Amino acid sequence: MAVVLSDYLTELRSLLNDPSNQFSSTADMTRWINKARQRIAAEAQCLRILPNSTGSLASITASAVGSGYTTATVTISPPDGLGQNFINATATANIVAGAITSYTITEPGTGYVNTPTVTIDGDGAGAVGTAVLTAFVHTVVGQEKYDFSTVNAIVRANFPGVNNIIAVQSVSVSWGSWKPTLSWRPWTWLQAYARSNNLTLQNYPTLWAQYGQGDAGSIYMYPLPSLLAQMEWDCFCQPIDLEDDLDVEALPGPWTDAVVQLAAFYAYQQAQRRDDAQMQVNEYKRFLKENRTYVQPSMVMDFYG
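Within any chain, residue numbers begin from 1 and follow the written order of that chain's sequence. The predicted nature of this model means local features are confined to residues of pLDDT at least 70 and side-chain atom pairs, given and counted, to a pLDDT of 80 or more, with totals for whole chains, interfaces and linings taken over all residues. Heavy atoms from the whole structure form the basis of all side-chain values; hydrogens and water molecules are not counted.

Time to look at helix 5 (residues 259-270). Spanning 12 residues, helix 5 covers 17 Å between terminal C-alpha atoms, matching the ideal 16 Å at 1.5 Å per step. When you tally the buried positions in helix 5, you get 10 out of 12 residues, the bulk of the element. Among all positions in helix 5, only Val 259, Val 260, Gln 261, Leu 262, Ala 263, Ala 264, Phe 265, Tyr 266, Ala 267 and Tyr 268 are buried. For helix 5, the elements touching its buried residues are helix 1 (5-15), helix 2 (26-44) and helix 6 (274-295). Only DSSP runs of H or I with at least four residues qualify as helices, and only runs of E with at least two residues qualify as strands; both kinds are numbered from the N terminus onward. Immediately downstream of helix 5, the backbone of Gln 272 shows phi near 60°, a positive value. Here the expected span of a helix is defined as 1.5 Å times the quantity of residues minus one. Under the scheme applied here, a residue whose accessible area is under 20% of the maximum for its type counts as buried, over 50% as exposed, and between as partly exposed, the area being computed with a 1.4 Å probe on protein chains only. Any two residues having at least one pair of non-hydrogen atoms within 4.5 Å are treated as being in contact.

As structure tokens, then:
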């Protein structure tokens, strides 16, 4: 069962022996819980996602409505991305007084990189539909810098409960039928050795570096991309704050078990109960260590050598 804010509050009240909020308000407890969740996400790096690297059909704009239609069939060209399970988008035309005034998406599809072509067959003429894709992470011809803030919008739209990227672990870019991972370099190395060359050079990107962190973070690539291509970021993220039970908890278990322990530390710290605060932070550290062991057991890469 998914954890919600009221679950955390009930457990925290029990841990603090304050079931009726005599010593701490619900607002304070909620603040400590969210502060703990943010720290756990950053410290444990447990909220890890791959933002969408292909698009789906968001809508079809009636660029021209045409005339004389009583029936019409809408055909959307198939996805052109690579390395995913693709689904072709489908839609129907809405006819009013012989004109196609709008379209209804019946299947948004997956795997689109370039905007698909919309073909309309029917007994009328002149209707033109223009496809609009959902946002996805991709290279832009000649663009060196890609801000976290731009990708955060894609993250929030596709991963309920996730708020923003705080760091990128790796970057992969499609190259034909391959999607190799680029070589990482520290920013200072990229600045000294790669960016000192001709910045107008365009080719397949081979190097990347992160510059800045959190909402102010971005990545730089070299050489500059020479074409639009899928791009996958392996991201560490932070969750949204929980304001009520309708908000989705994106932190995965067993990391949610540590939230109340750290929230209790903040509570005791504010009450200046230093011994109790130290006890809770020690308990929190134990939870982190144990949870890391639980989720990352010993592995053998190849049993046969």
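Here we come to the packing of helix 2 against helix 5. How two helices pack is summed up by the angle between their axes together with the distance between the axes. Their axes nearest at 8 Å, the elements helix 2 and helix 5 cross at an angle of 125°. As judged from the angle between their axes, helix 2 and helix 5 are oblique. Relative to helix 5, helix 2 is oriented so that their crossing is right-handed. Residues Asp 28, Arg 31, Trp 32, Ile 33, Lys 35, Ala 36, Arg 37, Arg 39 and Ile 40 of helix 2 lie in contact with helix 5, whose contacting residues are Val 259, Leu 262, Ala 263, Tyr 266, Ala 267 and Gln 270. Under the scheme applied, nonpolar residues are Ala, Val, Leu, Ile, Met, Phe, Trp, Tyr, Cys and Pro; charged residues are Asp, Glu, Lys and Arg; polar residues are all the others, including Gly. Taken together, the residues that form the contact of helix 2 with helix 5 break down as 9 nonpolar, 1 polar and 5 charged. Fitting a line to C-alpha atoms yields each axis, with helices limited to the stretch in contact; the angle taken between N-to-C directions then spans 0 to 180 degrees. If an angle is under 35 degrees, it is roughly parallel; if it is over 145, roughly antiparallel; if it lies from 65 to 115, roughly perpendicular; otherwise it is oblique. Helix crossings get a hand from a simple test, with the near helix turned counterclockwise from the far one by less than a right angle marking a left-handed crossing and a clockwise turn marking a right-handed one.

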